[in-house]
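Close look at the chain arrangement
Below are the chains, spelled out letter by letter.
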Amino acid sequence: MNPKTANKIATGVLYGTAGTIVLILAALLGYIIVTGLPHISWHFLTSPSKAFTAGGGIGIQLFNSFYLLVLTLLISFPIALGAGIYLNEYAPKNALTSLIRTAIEILSSLPSVVVGLFGFLIFVVQFGFGFSILSGAFSLTFFNLPLLTRSIEEALAAVPETQREGGLALGLSRWETVIYIILPAALPSILTGVILSAGRIFGEAAALIYTAGQSAPALDFANWNPFDISSPLNPMRPAETLAVHIWKINSEGIMPDAKAVSSGASAVLVIAVLLFNLSARYIGRRLFKKLTAAD
Amino acid sequence: MKKRWLAGLLVVILIVLGVVGYQNRQVTKADMSITAVGSTALQPLVEAAGEDYSGTQLGSFINVQGGGSGTGLSQVQEGAVEIGNSDVYAEEQKGINAAKLVDHKVAVVGITPIVNKENGIKNLTTKQLIAIFTGKVTNWRQVGGHNQKIVIINRAQGSGTRATFEKWALNGHQSEPAQEQDSSGMVRQIVGTTPGAISYVGFSYVNKTVQAVNINNVAPTDKNVETNKWPVWSYEHMYTQKNANQLTRRFIKYVQSSKIQHTLVRQLGYISMDQMDVTRTVQGHVRKVEGSHE
Amino acid sequence: MFINPTSQHQHNDNTAWLDRNIVAPAATAETPVVLETKGMHVYYGGNEALYEGDLQFLEHQITALIGPSGSGKSTFLRSLNRMNDNVAKVTGQILYRGVDVNQPDIDVYEMRRRIGMVFQRPNPFAKSIYENIVFALRRRGMTDKKQLDEIVETSLKQAAIWEEVKDKLDQSALALSGGQQQRLCIARALAVKPDILLLDEPASALDPVSTSQLENTLLKLKASYTIIIVTHNMQQAARISDYTAFFNLGRVLEYDETSRIFTSPKVQLTNNYVAGDFG
Amino acid sequence: MNKQLAEQLRKRSKAAWLERIGKIVSFSALALITLTVFAIIIFVASKGLATFFDNHVNFWNFLTGKNWNPTITDKSGQPEVGALPMITGSFVVTLLSALLATPFAIGTAIFMTEISPRRGARILQPVTELLVGIPSVVYGFIGLTVVVPVIRTIFGGSGFGILAGTFVLFVMILPTVTSMSVDALKTVPRYYREAALALGATRWQTIYKVILRAATPGLLTAIVFGMARAFGEALAVQMVIGNAALMPSSLVSPSSTLTSVLTTGIGNTVMGSLDNNALWSLALVLLVMSLIFNLIVRLIGRKGAMHK
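Per chain, residues are indexed from 1 in the order of the written sequence. Labels are handed out in written order, letters beginning with A for the chains and numbers beginning with 1 for the ligands. Confidence filtering applies because this is a predicted model: local features only for residues at pLDDT of at least 70, side-chain atom pairs given and counted only at 80 or more, and all residues used for totals across whole chains, interfaces and linings. Here the side-chain values reflect all heavy atoms present in the structure, with hydrogen atoms and water set aside.

In this description a helix means any DSSP run of H or I spanning at least four residues, a strand means any run of E spanning at least two, and both kinds are numbered starting from the N terminus. Helix and strand counts for chain D stand at 12 helices and 2 strands. Overall, chain D shows an N-to-C arrangement of helices and strands of α-α-α-β-β-α-α-α-α-α-α-α-α-α. The globule rule used for comparison is 2.2 Å times the number of residues to the exponent 0.38, while the radius of gyration itself is calculated over C-alpha atoms. Since a compact globule built from 308 residues should have a radius of gyration of about 19 Å, the 25 Å found for chain D marks it as more spread out than a globular shape. Along the three orthogonal principal directions, the C-alpha set of chain D runs to about 90 × 60 × 35 Å. It only takes one pair of heavy atoms within 4.5 Å for two residues to be counted as in contact. Summarising the internal contacts of chain D: among those between residues at least 6 apart in sequence, 68% fall at separations of at least 24. With an accessible surface of roughly 13,000 Å², chain D has 66% of that area assigned to carbon and sulfur atoms. In short, Shrake-Rupley with a 1.4 Å probe defines the accessible areas, and a residue's cover is counted only from the protein chains shown.

The next subject is the domain arrangement of chain B. Residue and element names in this part refer to chain B. Under the domain assignment used here, chain B contains domain 1 (36-108 + 231-288) and domain 2 (110-226). In this document the domain limits rely on a domain assignment from an automatic tool or a database. Centre-to-centre separation of domain 1 and domain 2, based on C-alpha positions: 26 Å. Between domain 1 and domain 2, the contact holds 18 residues from the first and 14 residues from the second. The term buried area denotes the loss of accessible surface (1.4 Å probe radius) that occurs when two parts are joined, taken as the sum for both partners. Of the roughly 1,500 Å² buried between domain 1 and domain 2, counting both surfaces, carbon and sulfur atoms make up 56%. Taken as a group, V232, W233 and I271 account for 36% of the area that domain 1 buries against domain 2, more than any other trio of residues on that side. What counts as a salt bridge is simple: a side-chain nitrogen of Lys or Arg found within 4 Å of a carboxyl oxygen of Asp or Glu. Across the contact surface, domain 1 and domain 2 share 1 salt bridge. Note that E92 is salt-bridged to K167, the shortest N-O span being 3.1 Å. Each polar contact in these results corresponds to two N or O atoms within 3.5 Å; when the atoms are within protein, one needs to be able to donate a hydrogen and the other to accept it, and residues that are neighboring in sequence are counted only if both atoms are side-chain atoms. In this structure, the connection of domain 1 to domain 2 is made through 5 residue pairs in polar contact (both at pLDDT 80 or more). Every element with two or more residues in the side of domain 1 that touches domain 2 is listed here: β11 (233-241) and β12 (278-280). Amino acids outside the nonpolar list (Ala, Val, Leu, Ile, Met, Phe, Trp, Tyr, Cys, Pro) and the charged list (Asp, Glu, Lys, Arg) are all regarded as polar, and Gly is one of them. Each residue belonging to the side of domain 1 that touches domain 2 can be placed in one class, and the counts come to 10 nonpolar, 4 polar and 4 charged.

What follows covers the interface of chain A and chain C. Of the residues lining the interface, 19 residues belong to chain A; the matching set on chain C comes to 26 residues. Taken over both partners, the interface formed by chain A and chain C buries close to 2,000 Å², and the fraction arising from carbon and sulfur atoms is 61%. Where chain A meets chain C, there are 2 salt bridges. Residue C:R78 pairs with A:E165 through a salt bridge whose shortest N-O separation is 2.6 Å. In this structure, the connection of chain A to chain C is made through 7 residue pairs in polar contact (both at pLDDT 80 or more). Looking at the side of chain A that touches chain C, the elements that each hand over two or more residues are α7 (161-169), α8 (174-203) and α11 (258-292) of chain A. Considered class by class, the residues forming the side of chain A that touches chain C number 9 nonpolar, 7 polar and 3 charged.

A few words on the pairing of strand β3 (residues 83-86) of chain B. Residue and element names in this part refer to chain B. Any residue under 20% of the maximum accessible area for its type is buried, any over 50% is exposed, and the rest in between are partly exposed; the area is computed with a 1.4 Å probe on protein chains only. Taking every second residue as pointing to the same face, both faces of β3 are buried, with I83 and N85 on one and G84 and S86 on the other. Strand pairing is assigned whenever DSSP detects at least two bridges linking the two strands. In terms of strand pairing, strand β1 (residues 33-38) meets β3 through 3 bridges, oriented parallel. Each bridged residue has a counterpart across the sheet, and for A36 the counterpart in β3 is I83. The sheet contact formed by β3 and β11 spans 4 bridges and is antiparallel. In the strand pairing of β11, I83 is matched with T240.

Attention shifts here to the nonpolar core. Core analysis: the largest hydrophobic core is formed by 306 residues, its most contacted members being B:I132, B:I198, C:L156, C:I186 and D:W68. Here the element with the most residues in this core is helix α3 (residues 59-90) of chain A; it accounts for 16 residues. Residue assignment places this core across two domains, with domain 1 (36-108 + 231-288) and domain 2 (110-226) of chain B each supplying three or more. One finds C:I94, C:I106, C:M117 and C:V230 within the second-largest nonpolar core, a separate group that totals 43 residues. The set of buried Ala, Val, Leu, Ile, Met, Phe, Trp, Tyr and Cys residues whose side-chain atoms join them within 4.5 Å is what this entry labels a nonpolar core.

Taken together, the 77 residues of chain D in the interface contact 74 residues of chain A. Carbon and sulfur atoms supply 79% of the area that chain D and chain A bury against each other, a total of about 6,800 Å² over both sides. Counting every contact that joins chain D to chain A gives 0 salt bridges. At 19 residues, the largest contribution of residues to the side of chain D that touches chain A is made by helix α2 (residues 14-53) of chain D. Residue composition of the side of chain D that touches chain A, by class: 52 nonpolar, 18 polar and 7 charged.

This part is about the UniProt feature "transmembrane region" (unreviewed entry) in chain D. Residues and elements named next belong to chain D. UniProt positions are given in the numbering used here, feature names are shortened, and annotations may be inferred rather than shown by experiment. Feature annotation in UniProt assigns "transmembrane region" (unreviewed entry) to the following positions: residues 21-45, 86-110, 130-151, 157-177, 210-231 and 278-300. Strand forms 0% of residues 157-177 and helix 76%; the C-alpha atoms that close the span are 31 Å apart. Annotated as 100% helix and 0% strand, the span residues 210-231 places its first and last C-alpha atoms 32 Å apart.

With that settled, the discussion passes to empty space enclosed by the protein. Unoccupied space between atoms shows up once a probe the size of one water molecule is rolled over them. Definitions used throughout: a 1 Å grid over protein atoms alone; a cavity as a set of points that fits a 1.4 Å probe which cannot get out; a pocket as an open set with protein on both sides within 12 Å along at least five of seven lines; a lining residue as one with an atom within 4 Å of a point. Grid points are joined across faces, edges and corners, and a volume is the space filled by probe spheres set on the points. Using the criterion set out here, one finds 10 cavities of 30 Å³ or more in the structure. Taken as a whole, the largest cavity spans an internal volume of roughly 480 Å³. Lining the largest cavity are 39 residues, with A:E252, B:T40, B:A41, B:R155 and B:D182 sitting closest to its centre. For the lining of the largest cavity, the secondary-structure elements that each account for two or more residues are α9 (206-209) and α10 (242-252) of chain A, β4 (101-115), α5 (160-168) and β11 of chain B together with α11 (258-265) of chain D. Broken down by element, the lining of the largest cavity gets its largest block of residues, 3 residues, from α10(A). Among the residues making up the lining of the largest cavity, the classes are represented as 15 nonpolar, 19 polar and 5 charged. The two domains that each donate at least three residues to the lining of the largest cavity are domain 1 (36-108 + 231-288) and domain 2 (110-226) of chain B.

This next bit is on the UniProt feature "domain: ABC transmembrane type-1" (unreviewed entry) in chain D. In the numbering used here, UniProt assigns the feature "domain: ABC transmembrane type-1" (unreviewed entry) to residues 87-297 of chain D. Along residues 87-297 of chain D, the helical share is 80% and the strand share 0%, with 21 Å between the first and last C-alpha atoms.

Moving on, we get to unusual backbone geometry. Residue and element names in this part refer to chain C. Phi is positive for H60, which is not a glycine, with a value near 55 degrees. Of note, H60 is situated in the loop between β3 (56-58) and β4 (62-66). Positive phi outside glycine occurs at R97, with the angle close to 45 degrees. As for its placement among the helices and strands, R97 is situated in the loop between β5 (88-96) and β6 (99-100). According to the relative accessible area criterion, R97 is partly exposed, its value standing at 23%.

If a strand is regular, its side chains alternate between the two faces of the sheet. Residues and elements named next belong to chain C. Of all 5 residues in strand β8 (residues 196-200), 5 are buried, a share of seventy percent or more. As defined by bridge partners, strand β7 (residues 115-118) adjoins β8 across 4 bridges and the pair is classed as parallel. In the sheet register, M117 faces β8, and the bridge partner there is L198. Examined bridge by bridge, β8 and strand β9 (residues 226-230) share 5 bridges and lie parallel to one another. Directly across from I196, in β9, lies its bridge partner T226. Handedness of the crossover joining β8 and β9 through helix α9 (residues 208-221): right-handed. Looking down the strands as they point away from the viewer, one classifies a crossover as right-handed if the path from the first strand across the helix to the second runs clockwise.

It is worth spelling out the sheet that holds β7(C) at this point. The strands that make up a sheet are held in pairs by hydrogen bonds between backbone atoms, and each pair lies either parallel or antiparallel. Residues and elements named next belong to chain C. Reading across from one edge, β7-β8-β9-β4-β10-β11 is the order of the 6 strands in this open sheet, with mixed pairing throughout. Every interior strand has two partners, whereas the edge strands, β7 and β11 (251-257), have only one. Each adjacent strand pair in this sheet contributes to an overall mean axis angle of 15 degrees, direction not counted. Here β4 pairs with β9 via 4 bridges, running parallel. Pairing of A64 across the sheet is with I229, part of β9. Angles here are taken between N-to-C directions and fall from 0 to 180 degrees, while the axes themselves are lines fitted to C-alpha atoms, restricted in helices to the stretch in contact. Sheet strands touched by α9: β4, β8 and β9. Its angle to β9, the strand with the most contacts, is close to 150 degrees.

Quick look at the structure:
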């Protein structure tokens with residue numbers, strides 16, 4: 001075939017595949033939002049769910065999802081950051097390091113239900129945390145750590161070595177160089193990694209069924225004492241999240257409007273993830289600009 | 001500096017979390033709060049009853065979770081939770097020492113075969129049902145329906161609904177390996193949308209998207225369950241340890257009280273205990289209840 | 001005439017011969033030896049070793065390290081302030097004002113503050129110009145704003161870039177041109193008040209105009225700093241350095257005053273190299 | 001020798017102290033992760049191996065048996081715990097979805113790096129990242145309400161099966177494979193491209209003959225990673241594959257994967273019983289498979305490094 005023709009055809013095919021992906025996403029999003037949007041209302045977003053009658057909302061679940069997300073990131077980010085720094089900056093290139101890397105990778109491909117059950121046996125039963133946000137957050141931490149560590153490590157590795165040399169040559173320790181120079185430079189891509197993992201946490205169900213639980217007791221949003229059982233801030237209360245709620249409705253829901261609630265909740269979930277994503281890109285771009293360009 | 005401030009805040013939050021965790025751990029151990037785990041089918045009932053109960057008894061907290069009957073029974077046996085909700089008798093669950101647990105029956109659930117509406121089937125004999133589920137009959141035409149391949153959808157192995165169905169509707173025959181779903185909602189959705197599908201769910205899951213099937217011309221109604229004319233039913237159990245604490249005992253009593261039995265239990269599509277004209281033991285012996293009907 | 005460097009290396013594998021061509025510069029009370037290597041070897045990985053020879057560097061002089069690619073001059077330079085610690089093993093003595101800094105009990109951070117380094121590619125931090133200069137000072141605990149401002153001004157002036165950037169100190173350093181960035185990096189190195197400045201081909205990524213600006217800067221800095229510079233550029237070495245060491249295949253073949261290296265080298269290979277016959 | 005200077009140089013500076021602290025802190029973080037990872041691995045292994053050591057199930061029967069029914073013992077008194085249908089199912093969906101995803105992912109990656117980097121960054125990157133963010137419950141839900149009926153109308157049967165699972169997984173691993181392929185293509189030095197184009201090659205020839213060749217190890221890694229993802233995915237697959245512990249007879253007959261059986265059954269069994277242990281054995285198989293995928297990635301990486 002004429003190379004020029006081949007080139008044209010290939011370019012066309014590539015445009016086609018790229019277009020297909022965009023189309024798939026558009027179709028997915030469109031479907032979710034079109035089926036879910038009619039059910040979303042202020043009432044739906046703020047009122048508690050109903051077990052067996054129509055008209056339930058997802059207010060508590062929505063709050064739980066966010067709270068759990070924040071707690072999980074609070075726990076997992078520092079750990080992942082430390083591990084990512086060690087792996088990229090200090091770890092000697094030997095068999096042990098590669099063994100540890102492999103082990104972490106393996107954890108990331110374990111089905112989350114296994115992680116959930118492990119979390120159940122350790123946190124819920126062994127440590128006596130019970131079905132609680134805290135148990136859920138710890139289990140999600142397990143689930144989240146491998147990916148987050150990896151993305152942080154990659155973000156750090158992407159910062160040129162010359163930056164490290166610059167710091168070292170000034171008589172600074174590697175640690176100071178990493179914390180004050182490399183980390184800020186890697187911040188945009190770290191942020192992207194964090195937000196992407198936030199999306200995954202937000203949508204995770206299987207790991208939470210046995211840890212944070214599948215019930216959402218009524219909350220008193222005027223009570224901000226974290227020690228009170230009905231306070232939204234209490235990390236020891238059981239907390240069904242949005243994703244778990246969707247799962248539960250689809251599997252055992254007997255309310256007459258189960259389908260509506262489920263599609264509404266799915267749409268909310270996807271919109272939330274969408275917002276995470278967009279804000280991540282926005283913040284990432286802003287940060288990048290601020291750090292690199294002249295105004 | 002901003003970063004140090006942030007790091008400090010983080011440490012403080014983690015410490016607070018730890019303290020709160022420890023504090024509440026003590027609370028859990030006290031008589032203030034109990035946890036019920038197990039059957040996802042029973043969860044809505046216990047949850048609703050728990051909310052009611054907490055409303056009347058301030059300061060007590062009933063934590064209700066799913067996880068499956070197996071999990072419920074094993075956790076109550078281990079003493080990790082106070083109440084294990086189960087769709088099956090503890091005796092029927094492998095790995096459980098039933099003698100160590102106390103059974104509290106809180107409701108009865110009737111189970112009915114359901115088929116896709118396009119199958120043209122409204123009634124099946126036990127023999128036909130067995131033939132279908134053991135794979136001897138593969139087309140609805142053979143049992144008087146339309147020319148449509150039969151698609152069997154089972155509940156997961158170990159599910160209480162499946163155990164009950166196999167024991168009482170299939171006379172103890174095992175279903176041949178087929179599709180499995182682990183929840184009633186999913187089963188109903190699949191049966192409703194898949195031509196030729198047949199499965200079984202609790203009465204409360206039957207709605208207009210699927211066709212409930214009579215067995216031997218007996219309709220799946222609460223009335224027929226109450227008299228055992230419809231034998232495919234089971235108890236919903238709440239198991240406790242022998243020396244359950246006060247709150248646990250009180251709460252179970254509350255669930256069994258006529259207040260809950262006549263309101264929540266029926267609203268959720270169960271048959272209340274006091275409606276039953278018969279009782280049935282784990283071995284399947286059926287006895288009439290004297291004068292129980294009001 | 002082309003002499004195969006490898007055969008040369010094998011023929012003259014004898015230290016005594018080498019030492020004759022390494023002329024120790026005449027140290028005086030005004031220009032004492034600040035840095036000196038003794039029996040330094042660098043090992044990469046297993047057995048691959050570089051014998052770097054014994055050299056002395058005088059205070060407030062510019063010494064150029066020249067030689068073909070892979071001759072080990074950069075490795076030598078980076079070993080001087082132990083930037084190679086993580087990738088290579090360096091044995092032998094590195095005497096900084098008489099103190100052997102190639103010892104485990106030496107605090108490398110304090111040592112590197114005194115022996116600063118500027119790299120081949122400009123590597124300003126992704127911060128503002130001002131922050132680039134004061135960053136290391138802040139990390140060392142200096143917080144006085146006035147003092148910091150002062151140091152920023154002096155170091156930028158020393159690096160001859162003050163006039164160009166004084167109005168945009170809070171702008172990102174990455175927005176500067178390559179030549180400006182490199183001078184900023186020099187200013188950054190000067191801010192911590194080093195004693196010696198190591199420069200690893202600092203002009204190789206710059207255009208001729210920036211290069212000559214940089215050279216002028218170095219000549220001015222000579223008054224207060226000892227400078228050791230690796231360069232590929234013969235003219236540059238001839239223009240700015242007082243002493244020149246010629247490296248080949250991991251060893252110093254000749255070390256002498258720059259004028260002598262360029263006009264009457266003792267070693268034929270040096271002659272070939274400075275004449276542009278190979279490299 | 002300069003005594004004062006020597007002292008100053010030997011004094012431990014703040015930097016040295018910070019370095020030590022930093023090293024300890026970051027190392028403990030890594031140690032913590034490593035510890036939990038190994039705890040989980042040991043936990044799964046001990047539970048999964050109990051099937052063979054405590055319940056005396058023949059390991060070979062487990063791997064090759066075709067009947068999965070842990071509550072029943074067969075004629076020889078051995079419980080029926082044949083995992084072959086699930087292992088087959090897992091492999092088939094994984095391979096098929098990878099097969100389907102690879103051309104799309106690599107095509108898109110080429111588009112993003114070679115043809116239209118601007119549009120790639122502005123449209124396709126957010127798109128792939130969004131695809132990662134959609135929860136698997138939602139994927140399963142859509143699979144159930146859209147993919148399964150479509151397959152049913154086209155191919156007949158119930159619509160549940162490997163094909164439905166493949167489609168759902170295809171969309172789910174697409175972003176992983178794409179973004180890793182993009183990374184792989186980006187590591188190909190620019191002068192490769194420039195050299196090829198300068199020689200008069202068309203863009204496609206450059207891509208096909210130079211860039212793809214140079215990036216092959218990275219692309220293979222991306223595919224294997226996608227396969228590992230697919231292998232471990234549970235909820236979404238479980239909703240569409242039908243969960244029948246049967247050897248898959250066709251792409252549209254209900255079958256099952258390791259994860260789907262594991263997720264469905266784990267709540268209905270009692271800890272420590274054979275039924276439960278058998279499920280953990282499935283988890284162990286998953287773990288081992290994930291290890292193997294990892295080793296493959298490493299092997300590819302090493303091969304790639306050798307070629308460079």
